[in-house]
Amino acid sequence: MSFPLTDRHDRTHRSLRISIVDKCDLRCTYCMPEDQHFLKREELMTREEIATIARLLVERYGITKVRLTGGEPLVRPDAVDIVRDIAHLGVPLGLTTNALTLHKHLDGLIDAGLRSLNVSLDTFDAERFRKITRRDGYDVVWANIQEAHRRGLRVKLNMVVMRGVNHDEILRFVELTRDHDIHVRFIEFMPFAGNHWGRERVYTYAEMLGHIGSVHSFEKLTDDPHSTAKAYRVPGWKGTFAVISTVTEPFCGTCDRLRVTAEGKMRNCLFAREETDLLSALRRGEDIAPLIEANVLAKHAMLGGLPPFKPEKQEEVLHDLSERPMVAIGG
Ligand code: SAM
Ligand code: SF4
């Protein structure tokens, strides 16, 4: 029998993100600082430890959705095995990837039970891709996205929209949904350690809708009650688009996500500054259930306790951020 994990603000947590590695084969400017240091292999959760923690959360605490992320999950040699283990838990499973090496793993991932893929793609321009990710790779990433879609995976594209960097490509992403059953998600640029965030670099939810609406009429779709994205469709088009408005319209009241980092630390919020070390306790043979429950109960009402992301609060936000860059949290 499972019971739901409810925090002190009466939010019930059903969705789990597990980062399986903190390394990455791209180095996106908004995600990974140039001088990033990575965990040693023995510091990472093993495949078995990932399965143990996930199983406990699913079977005992009623988690109904798991997403594997990173860093880049596919740089881990046993990524496909981890997908297979988690797929056996019998709850919907997704993977978030940059798709750079997806062609090497696609058959294995599908065979292991993966049906849904979130892929980061911030531009359709190869040179701009290189600037944003500090690596070449646009052609292979785009080919891999198309192949995953062709093979029947449900594909969501995540675009981090940054003013002056790629905001001029939003319409091109929307236009992709005309003939393809692809779900594009525009993500407001969020502040994390070392990513040179500034409120002025955030191309806002309102600006995005205004920009899209100046060219296409679109309709609002009904969002899942715990969705972090606000979804829309151009009537008659095959795909959808959505905005994740963490900065200008946070959705903390309905967020049902819990996170575990690659070294087995539990975070009750993307912006959390406190973490609970599950892995050390697990390795000592201790019961980790009380740690999980305490972590969930300690969740802040909003933004992990950060001040609102208003321009006048910018200095405070930057000062109060957790020391972790996004690459070491898992989006
Ligand atoms: N490597 C995989 C990828 O790129 O999809 C998974 C890990 S990545 C940290 C997960 C998600 O976080 C990606 O969709 C990425 O675009 C998003 N992300 C990273 N930094 C971000 C930021 N500063 N603001 C908004 N989204 C961010
Ligand atoms: Fe790597 Fe994904 Fe972060 Fe880019 S967004 S640096 S691909 S983890």
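My aim in this report is to walk through the structure given alongside it, one point at a time. As the structure is a computational prediction, the values presented were derived from the model and not from experiment. (Residues numbered from 1 in each chain as written. Chains lettered and ligands numbered in written order. Predicted model: local features only at pLDDT ≥ 70, side-chain atom pairs only at ≥ 80, totals over all residues. Heavy atoms only, no water.)

Points about the overall build of the chain
Looking only at helices and strands, the chain features 10 helices and 14 strands. Computed over the C-alpha atoms, the radius of gyration of the chain is 19 Å, within 12% of the 20 Å expected from 2.2 N^0.38 for a compact globule of 331 residues. Projected onto its principal axes, the C-alpha positions of the chain cover 60 × 50 × 40 Å. When burial is assessed residue by residue, the chain has 57% of its 331 residues classed as buried. Pairs at least 24 apart in sequence give 71% of the contacts found in the chain among residues at least 6 apart. Surface accessibility of the chain: about 14,300 Å² in total, with carbon and sulfur atoms responsible for 50%. Charged side chains in the chain number 47 positive and 48 negative. The centres of these two groups are separated by 2 Å. (Helix = DSSP H or I, 4+ residues; strand = E, 2+ residues; numbered from the N terminus. Rg over C-alpha atoms; globule rule 2.2 N^0.38 Å. Buried < 20%, exposed > 50% of the residue type's maximum accessible area, 1.4 Å probe, protein only. Contact = heavy atoms within 4.5 Å. Areas by Shrake-Rupley, 256 points an atom, 1.4 Å probe, with all protein chains shown as cover. Lys, Arg positive; Asp, Glu negative; His and termini not counted. Charge placed at Lys NZ, Arg CZ, Asp CG, Glu CD.)

Some points on the environment of R283
Its location among the elements puts R283 in helix α8 (residues 278–283). By relative accessible area, which is 42% here, R283 ends up partly exposed. Taking C-alpha positions, R283 is 8.8 Å from E49, a pair spaced 234 residues apart along the chain. Once residues lying within four places of it in the same chain are set aside, the contact partners of R283 are E42, L44, M45, T46 and E49. A distance of 2.9 Å separates a polar atom in the side chain of R283 from the backbone oxygen of E42. Within the structure, R283 has its side chain in polar contact with the backbone oxygen of L44 (distance 3.2 Å). (Polar contact = N/O pair within 3.5 Å; in protein donor to acceptor, adjacent residues only side chain to side chain.)

A closer look at the side chain of S245
Looking at where S245 falls in the secondary structure, it is placed in the loop between β11 (240–244) and β12 (257–260). Judged by its relative accessible area of 0%, S245 is buried. At a separation of 2.6 Å, a polar atom in the side chain of S245 contacts the side chain of K230. Once residues lying within four places of it in the same chain are set aside, the contact partners of S245 are E188, Y205, K230, P250 and F251.

Description of the site of ligand 1
Every one of the 20 residues lining ligand 1 counts as a neighbour, but Y30, G71, E72, S120 and M190 are closest to it. Here G71 contributes a backbone N or O atom positioned 3.0 Å from a nitrogen atom of ligand 1. Here an oxygen atom of ligand 1 sits 2.7 Å away from a polar atom, N or O, in the side chain of S120. The protein chains hide 96% of the 550 Å² of surface that ligand 1 would expose on its own. When contributions to the shell around ligand 1 are tallied by element, the ones reaching two or more residues are β5 (93–97), β7 (154–161) and β8 (183–188). Residues of the shell around ligand 1, tallied by class, amount to eight nonpolar, 10 polar and two charged. (Near = heavy atom within 4 Å. Nonpolar A, V, L, I, M, F, W, Y, C, P; charged D, E, K, R; others polar.)

As for the environment of H88
Within the secondary structure layout, H88 lies in the loop between α2 (79–87) and β5. For H88 and E274, which are 186 residues apart along the polypeptide, the C-alpha to C-alpha distance reads 31 Å.

Describing the site of ligand 2
As a matter of local geometry, ligand 2 sits amid C24, L26, R27, C28, Y30, C31, G71, N98 and V327. Split into classes, the residues belonging to the shell around ligand 2 amount to six nonpolar, two polar and one charged.

Considerations on unusual backbone geometry
Although it is not a glycine, A99 sits at a positive phi angle of roughly 70°. Within the secondary structure layout, A99 lies in the loop between β5 and α3 (102–111). What makes A99 buried here is its relative accessible area of 0%. Despite not being glycine, R134 shows a phi value in the positive range, around 55°. Relative accessible area serves as the criterion here: at 22%, R134 is assigned to the partly exposed category.

Digging into the sheet that holds β5
Ordered in space as β9-β10-β11-β8-β7-β6-β5-β4-β3-β12-β13-β14, the 12 strands form an open sheet in which the pairing is mixed. The outermost strands of the open sheet, each flanked by one partner alone, are β9 (219–220) and β14 (276–277). Of the strand pairs in this sheet, strand β6 (residues 116–120) and β7 are connected by five bridges, and their pairing is parallel. By the bridge assignment, S120 is partnered in β7 with N158. Packing against the sheet, helix α1 (residues 47–59) makes contact with β3 (15–19), β4 (65–69) and β12, and its axis sits at approximately 170° to β3. (Pairing = 2+ DSSP bridges. Axes fitted to C-alpha atoms, helices over the stretch in contact; angles between N-to-C directions.)

A look at the pattern of salt bridges
All told, the structure shown has 21 salt bridges when counted by the stated rule. Ionic pairing is found between R267 and E275, a salt bridge with its closest N-O pair at 2.5 Å. The class for E275 is partly exposed, based on a relative accessible area of 28%. What you see here is one network of salt bridges that share partners, running through R47, D81, R84, D85 and D111. (Salt bridge = Lys/Arg side-chain N within 4 Å of Asp/Glu carboxyl O.)

Digging into the pairing of β12
On β12, burial covers both faces: R257 and R259 on one face and L258 and V260 on the other are all buried. Across four bridges, β3 lies against β12 in parallel orientation. Looking at β12, one finds that L16 is bridged to L258. When β12 meets strand β13 (residues 265–267), the two strands line up antiparallel, connected through two bridges. Across the sheet, V260 pairs through a bridge with M266, a residue of β13. Between the end of β12 and the start of β13, which pair antiparallel, lie four residues, with G264 showing a positive phi angle near 75°.

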